[in-house]
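Chains, contacts and geometry: an overview
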Amino acid sequence: MPEEIMNRRQFLTASAGISLAAGIESRAGANLLTPAISHEDDPERRKRIKANQQIQKARQAALNILKPSSKDLKHGLELHANSLVVESYGFSPRAAVDGEKIKAAIKNGASEIELKDAREDMMMTRCVTDAAESQEYMDAWEAAGVTCILQNAGEEGMAVSWLLKRLARFTYVTDMMSDFVYKAAAPDDIIAAKKQNKHCLYFSGNGVPIPQDWISLEEELRFIRVFFQLGVRMMHLTYNRRNVIGDGCGEPSDGGLSDFGRAVIAEMNRIGLIVDVAHCGWKTSLEAAEVSNRPIVASHTTCTALHEHIRSKPDNVIRAIADKGGLIGICCIPSFLGGKGDIARMMAHIKYAVKTFGANHVAIGTDVAYASRNSARENQKIPSRRKTRKAWESLWPEGSLTSGPRESRLSMAWTNWPLFTVGLVQLGLSDSDIQKILGGNVIRVARDVLT
C-alpha cells in the first residue's frame with residue numbers, strides 16, 4: 001500500500017463503520033474526553049454502511065480532496081473513534097416522509113401550515129415508527145461516530161407555539177429510542193453516552209420564546225425558564241431578521257442589542273442557557289459577548305477574514321467571544337465558506353480560527369443532516385403544488401445562500417465526521433487540540449454556563 005494515498009477499496013475497508021471499531025486503545029490515555037473504547041462490533045451494520053452508496057460516495061468525495069497519507073488516515077480514524085465527538089450545532093439524521101400520506105393530505109385540502117407540519121413531523125419522528133427509517137437513522141449515527149449533537153429543536157422564530165412543536169418531536173424520539181439516543185440534560189450525560197456507546201441530543205432552540213403580551217418585562221421572560229425546564233440548553237438570540245432582542249445577520253443595518261435583549265441575556269445567564277449569536281448581526285454578536293457574564297457561542301459560522309458573508313463573524317467579534325471563554329463552530333455550508341466551499345475550505349477556516357484565537361475556542365457545527373436514502377422515492381409520490389411565499393424569518397439577501405457544487409457538498413456530508421478528524425490531523429494539530437475541537441470545548445462551555 002503506497003504511503004501517500006490510500007485507494008478507494010482500501011479506504012472503504014478501513015472506514016466502514018469506523019465508529020464501531022473494537023479494541024482500539026486511546027492514544028491520549030483514559031480521561032473524560034477519551035474514554036476507552038470497548039464497543040461490541042455489529043457486522044450487519046458494518047455491511048450496511050459499507051453498502052450505503054450515499055455514505056460511501058460522500059467519503060470518496062472528501063478523500064479526493066484531502067488526499068490523506070495512509071498514516072494520517074489511520075491515525076485520524078483511530079483518534080475519531082477514541083474521542084468524544086460533540087457537534088456544536090446540527091441536526092440528527094432525517095427520515096423520509098410517507099409520500100402517500102402527504103399526497104392524501106393534499107387531496108383532502110390540507111393547508112400549507114398543516115402540510116409543513118406533517119412533513120417536518122415525519123422527517124423528525126419516522127425513525128421511531130418505521131423500521132426502515134429507524135435503520136437508516138442508527139446507521140448514519142454510527143457511520144458519523146458522533147456522540148452528541150446540540151440539536152436544532154425549535155423552529156426559527158420567537159413564537160412559543162412554534163418552538164414547542166419541534167421540541168416535542170425530538171423529546172418524543174429521545175423518549176422512544178432511549179436505548180440508542182437520549183436527551184442529555186447536563187454535560188455529564190454526554191460523557192456517559194460515550195462511555196455506554198450510546199448517543200444523545202443536547203437541545204437548542206432557534207429562538208427565544210417570547211409570549212409578546214408586553215405586560216411587563218418579567219412576563220415576557222417567563223418562558224425562558226419553562227423551556228429550560230423542558231430540556232433546552234441553548235437559544236439563538238435572533239434568526240436573520242431584526243427582532244425585539246437585536247438585529248439579525250440579514251438586516252442591512254447593524255443596530256446591536258436592545259435593552260430587552262440585554263435583559264434576555266441576563267435571564268439566560270441566570271438560568272444556565274447558552275447564548276448563541278450564530279444568526280445575529282455583527283454588532284449584536286459583539287454586544288452579546290460584552291454583556292454576557294457567561295461564555296457565549298456562534299455555534300455554526302465561518303471566519304470573515306477568509307470569506308465575508310452575512311453568516312460569518314469578523315475577528316473582533318470572534319475575539320470577544322473567545323475572551324469571554326466561548327467558541328465558534330465552523331459549519332459545512334459552501335456559500336458561507338467561500339472558495340470552492342468544500343472540506344478543504346472548511347479546514348482552512350478551522351486552521352485560521354485556531355491560529356488566531358486558539359484551539360480552546362473552536363468547534364464544528366455542521367448545520368447539515370444525513371437524509372434517508374428513501375427520501376427521493378417518497379418525494380416522487382407527492383404531487384407538485386403552487387409556489388408559496390418565503391417564510392418571514394428566512395431573510396437571505398440575493399446570492400447569500402447558494403448550494404455550491406455537488407462534490408463540495410458531498411465532501412462535507414454529515415456522515416463524513418471521521419474524515420473531518422483526518423483533516424484536522426493533516427493540519428498538524430496535536431491530538432489534545434483536535435479533541436478540544438471535536439467535543440472538549442463544547443463540554444467546557446456547557447459546564448461553564450450550566451453551573
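Treat the numbers as computed from the prediction; the structure is a model and nothing was measured. (Residues numbered from 1 in each chain as written. Predicted model: local features only at pLDDT ≥ 70, side-chain atom pairs only at ≥ 80, totals over all residues. Heavy atoms only, no water.)

Observations regarding the overall build of the protein chain
Selection criterion: In DSSP terms, a helix is any run of H or I states spanning at least four residues, a strand is any run of E spanning at least two, and both are numbered starting from the N terminus. Put simply, the radius of gyration uses C-alpha atoms, and a globule should come to 2.2 Å times the residue count raised to 0.38. Exposure is judged per residue with a 1.4 Å probe applied to protein chains only, and the accessible area is read against the type maximum: over 50% gives exposed, under 20% gives buried, and values in between give partly exposed. What makes two residues a contact is simply this: any of their non-hydrogen atoms within 4.5 Å.
The number of helices and strands found in the protein chain is 19 helices and 10 strands. Computed over the C-alpha atoms, the radius of gyration of the protein chain is 21 Å, within 12% of the 22 Å expected from 2.2 N^0.38 for a compact globule of 451 residues. Counting only C-alpha atoms and orienting by the principal axes, one finds that the protein chain spans roughly 70 × 55 × 40 Å. A total of 451 residues make up the protein chain; the buried ones form 59% of that total. Partitioning the intrachain contacts of the protein chain with sequence separation of at least 6 by distance along the chain shows that 77% fall at a separation of at least 24.

Remarks on the environment of S394
For S394, the location among the structural elements is in the loop between helix 16 (375-379) and helix 17 (406-411). Separated by 153 residues in the primary sequence, S394 and R241 place their C-alpha atoms 7.8 Å from one another.

As for the packing of aromatic side chains
Aromatic ring pairs are defined here through the distance separating the ring centres and the angle between the ring planes. Put simply, the rule is: Ring pairs shown here join Phe, Tyr and Trp side chains whose ring centres sit within 6.5 Å, with only the six-membered ring taken for Trp; geometry is labelled stacked below 30 degrees between planes, edge-to-face above 60, and tilted in between. Our definition puts a charge over a ring when NZ of Lys or CZ of Arg is within 6 Å of the ring centre and also within 35 degrees of the ring normal.
A full pass over the atoms with the stated rule returns eight aromatic pairs. Plain terms: the ring middles of W141 and W414 are 5.7 Å apart, the flat faces sit at 90° to each other, and that makes the pair edge-to-face. With a gap of 273 residues between them, W141 in helix 7 (residues 131-144) and W414 in the loop between helix 17 and helix 18 (417-426) connect regions that are remote in the sequence. Connected via pairs of aromatic rings, a cluster forms that spans Y137, W141, F180 and W414. For the cation-ring pair, R233 lies above F228, with the distance from its terminal atom to the ring centre recorded as 4.0 Å. R241 extends its terminal NZ or CZ atom over the ring of W392, reaching a point 3.7 Å from the ring centre.

Quick look at the environment of D175
Within the element layout of this structure, D175 appears in helix 8 (residues 160-176). Look at D175 and you get exposed, because its relative accessible area is 53%.

Some words on the confidence of the model for the protein chain
Convention followed: Per-residue confidence from the predictor is reported as pLDDT, a score between 0 and 100.
When pLDDT is averaged along the protein chain, the result is 90; 91% of the residues meet or exceed 70. Ignoring residues within four places in sequence, the model shows residues 1-14, a span with pLDDT below 50, making 30 contacts including any to other chains. Long-range and interchain partners of residues 16-40, a stretch whose pLDDT sits below 50, account for 57 contacts in this model, where long-range means more than four residues apart.

Quick look at the pattern of salt bridges
Note on pairing: side chains with opposite charge can pair once their charged atoms come close. Stated formally: Within this document, salt bridges are pairs made up of a side-chain nitrogen of Lys or Arg and a carboxyl oxygen of Asp or Glu, the two lying within 4 Å of each other.
Applying the stated rule across the entire model yields 25 salt bridges. Between E155 and K116 there is a salt bridge, with its nearest N and O atoms 2.7 Å apart. A residue pair is termed long-range when its members are at least 10 positions apart, and E155 in the loop between strand 2 (148-152) and helix 8 and K116 in helix 6 (residues 112-129) qualify at 39 residues. The salt bridge involving R262 is made with E287; its shortest N-O contact spans 3.7 Å. Of this pair, R262 sits in helix 11 (residues 259-271) while E287 is found in helix 12 (residues 282-291), placing the two residues 25 residues apart along the sequence. With a relative accessible area of 32%, R262 lands in the partly exposed category. Linked by salt bridges that have partners in common, E120, D121, E156, R166 and R169 make up one network.

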